[in-house]
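Inside the fold
Residues per chain, in single letters:
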Amino acid sequence: MQTRVSRLLIKLLLRLFITLLLMHSSVGFAFQVPHPMQKGINLETTGAISYFRDASGSLTLQDIIAKDKAGSFKPLPQYWNAGYTADTIWMKFTLDFPATDNKYWLEISPATLDDIVLYSPQQSHGYSRIQMGDHYPASERPILHHNFIFPLSPDPAHSAQTYYVRLKSTNTITFQATLWQPHIFVSDHSRPDNLVGAYYGVRLFLALFAFILWLWLRHNSIFILYALYQCIVCSSQAFIGGMAQITLPIAPLTIDALQKSTNFLLMATVLFFYASLFQLKQFLPGIFRLIQGLTILELVIFTGIATQILPFSGLMANILALLNIAILIYCSIWLIYHKHFDFLLYVLALWAGFGAYVFIILQNFGIDIGPPTTMVNLPIAWSLLSLILVTLGIINIAKKETEKKLQAKELALELSQESKRILDQRVHERTQQLALINSKLNEEITERQALQTMLEDSLQKKRELIQAQHDFFAMASHEFRTPLAIIDTTSQRLALLQSQPGLDTSNILAPALRKIRRSSQRMSRIIDNFLSTDKIEAIQANDGFSQKILNLAQLAKISVEHYQDFSDRHITLELISDPANVLVDQYLINLVISNLIDNALKYSPSDSNVIVRVFQGQHYCHLEVQDFGEGIAPELQNKIFEKYVRINDNTTVHGTGLGLHVARSIAENHRGQLIVRSTVEDGSCFRLTLPRYNDEITSKKNGAQ
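Residues numbered from 1 in each chain as written. Predicted model: local features only at pLDDT ≥ 70, side-chain atom pairs only at ≥ 80, totals over all residues. Heavy atoms only, no water.

With that out of the way, let us pick up the sheet that holds strand β10 (residues 148–152). The four strands are arranged β2-β13-β7-β10 in an open sheet whose pairing can be described as antiparallel. The strands lining the two open edges of the sheet, one partner per strand, are β2 (41–42) and β10. Bridge count between strand β7 (residues 104–109) and β10: five bridges; the pairing is antiparallel. Paired with E107 across the bridge in β10 is I149. (Pairing = 2+ DSSP bridges. Helix = DSSP H or I, 4+ residues; strand = E, 2+ residues; numbered from the N terminus.)

What follows is the structure in structure tokens.
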């Protein structure tokens, strides 16, 4: 009887245990959310999370709920790692919220998960769906953060609420979920985010420092490799931590391809960097060639995945990573075994920075050996320790290279000083020998220079004389020929007329005589221009010239009457009533006025007049000669005053090109000036300006002085 009762009691207890077990598997452990929250709650440590593997990947939420009720979910162990798998992973957790209207955030990491869907219970007994992942734009996330933040709005009417999370990724799948209140999340993440930023900043600063060292010690490539190593490690960690995904404005699938490809770039960089640090090319050349081949292979795979030509393979990534670490660990042990303790810092840096990756890779293969760890929870202290050890080794290399460079400079300086001493001694001896020779040469050179100076002066004067004679005879032979021809022709004509008795020559004789006078006057003015050149040079040599007080208007009147006698055209004279007295050389000023009137007659039409006007101001007297010829272009108005320059292309108008040059020189030597105003096709006006001589003004100036 007791046995039957005992059996019955045992059956009842078993049924009760099975019922509780079924209730536990179907309802799940409900974690009581504290109120108020003091910090974020890691749901893994509470035991509230369970998981289910969907190998087919086709189960819907209703199918998963049915699996949950059937007890198919398993408790999620801490530091759980599903490795590289194509399975769809479902997570389930139940939260018992306090009866307050609070908002919560659910943080899910790692940031490399491709597809995450959170199913949240609703008041209508249905589920809402929020989808994220690095296959989706970061801008569409409800809360922008490098991890995935899901806002939760619990129903106050139901305290215990069950959530489902669907995970799919081509990366290794791990899962961490932390519950936050928004203000606690912001305050708790500000300092770690700043530390992470500082960590990246230190690495990039060290890369820049190494690049500067490479520029200084260019022959050693280890510094540029170190800078490249730091930059690639920063990029890889930024992708793993999700910083690159929310920072770079790149399409999600492209940035996902970059994130996966950086695994191979990081492996190639680390492998070749440590091979260079360990100097394997010198100690283990066979392994170094193997490393070169692996580096090229990994760079090719990196390029193929980054450009989305090759698909990403987690199995290949783990195999190559394990092979790289195994080769480097073997090489480090070989170096220590053979007592190459100079590489001890690099060996320790390798073990500290990449030793834990062996356990991570084995766990990705499903082999749970060593402490439970993942890429997410790998302490940053190990990376910092590896960074410090490698940097100390690089600083040691820089110190040795600097010492070598300084020693080379000191040796070069010593050799340079010794060479300088020997050279100075030889120079001193040679200088003494050359001093005697130089003294003799200097005397001879001085004598020759004196003779050369005399010869050059004589030669220069001779050249100037020959050139002056050449210019004079060339100009004179041309200019004298024309008036002489006119005189000769006119004389022959008069002789012929005279031989014809009874012919009235009164109408012919007057024009012929005017031609003879005009030609002789022209020859006289040419001679005056040539002679005045020598006189002006004498004035400039301070020989002085004869000056007297003359009336400029009277001089102009005499010149006009003189030219009117043998010219067919009318010359208009406009004079002032007051005397325009000037202190001048009469011969030279008459030459200026004659040159101006003669030019006006030559370069103006035969049916036009020439105007000569004289007027004065308070301090200056002015004489203007105006014609109505073709005029002078503005760009040529300064050239007409140069010596032997003629700008008129009309070969019928003869001239020496010396008149205006002489006229301006005479004006300037009388403290005056000669200018021209001209417009093309409207004629030209030449103005001679001379200082006015006034006894009253002169006496006032002398009194003021």
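Our focus in this paragraph is the side chain of N324. In this structure, N324 sits in helix α10 (residues 314–337). Not counting the four nearest positions on each side in its chain, N324 is found in contact with M267, L271, L294 and E298. (Contact = heavy atoms within 4.5 Å.)

So, about helix α3 (residues 61–69). Every buried residue of α3 is listed here: L61, I64 and D68. Down the axis of α3, the sector holding all buried residues measures 60°, keeping them to one side. Turned more than 90 degrees away from the buried face of α3 sit Q62 and K69, all of them exposed. Once α3 finishes, G71 follows within two positions and takes phi at roughly 80°, a positive value. (Buried < 20%, exposed > 50% of the residue type's maximum accessible area, 1.4 Å probe, protein only. Arc of directions from axis to C-beta.)

Another aspect to go through is the environment of A82. Note that A82 resides in strand β5 (residues 81–84). Among the residues examined, A82 registers a relative accessible area of 10% and is labelled buried. The spacing of A82 and T174 is 92 residues in sequence and 6.1 Å in space, taken between C-alpha atoms. With residues up to four places along the chain from it excluded, the contact list for A82 reads R53 and I173.

Before going further, it helps to spend a moment on the pairing of strand β8 (residues 115–121). With seven of seven residues buried, β8 is to be regarded as a mostly interior element. Here β8 shows a buried face lined by D115, V117, Y119 and P121 and a second buried face lined by I116, L118 and S120. Where β8 and strand β11 (residues 160–168) come together, five bridges link them in antiparallel fashion. Of the residues in β11, the one forming a bridge with V117 is R166. Taking the residues that link successive antiparallel strands as the turn, the β8-strand β9 (residues 127–132) hairpin has five residues, and the phi of H125 there is positive, at about 65°.

The next point concerns the packing of helix α7 (residues 252–277) against helix α11 (residues 344–354). Between α7 and α11, the shortest axis-to-axis distance is 10 Å and the interhelical angle comes to 160°. With respect to their mutual orientation, α7 and α11 come out roughly antiparallel. Seen along the crossing, α7 lies across α11 with a hand that is left-handed. Note on element contacts: α11 touches α7 through Y346, A349, L350 and F354, opposite V270, Y274 and L277. Looking at the contact of α7 with α11, its residues break down into seven nonpolar, no polar and no charged. (Axes fitted to C-alpha atoms, helices over the stretch in contact; angles between N-to-C directions. Parallel < 35°, antiparallel > 145°, perpendicular 65-115°, else oblique. Left-handed = near helix turned anticlockwise from the far one by under 90°. Nonpolar A, V, L, I, M, F, W, Y, C, P; charged D, E, K, R; others polar.)

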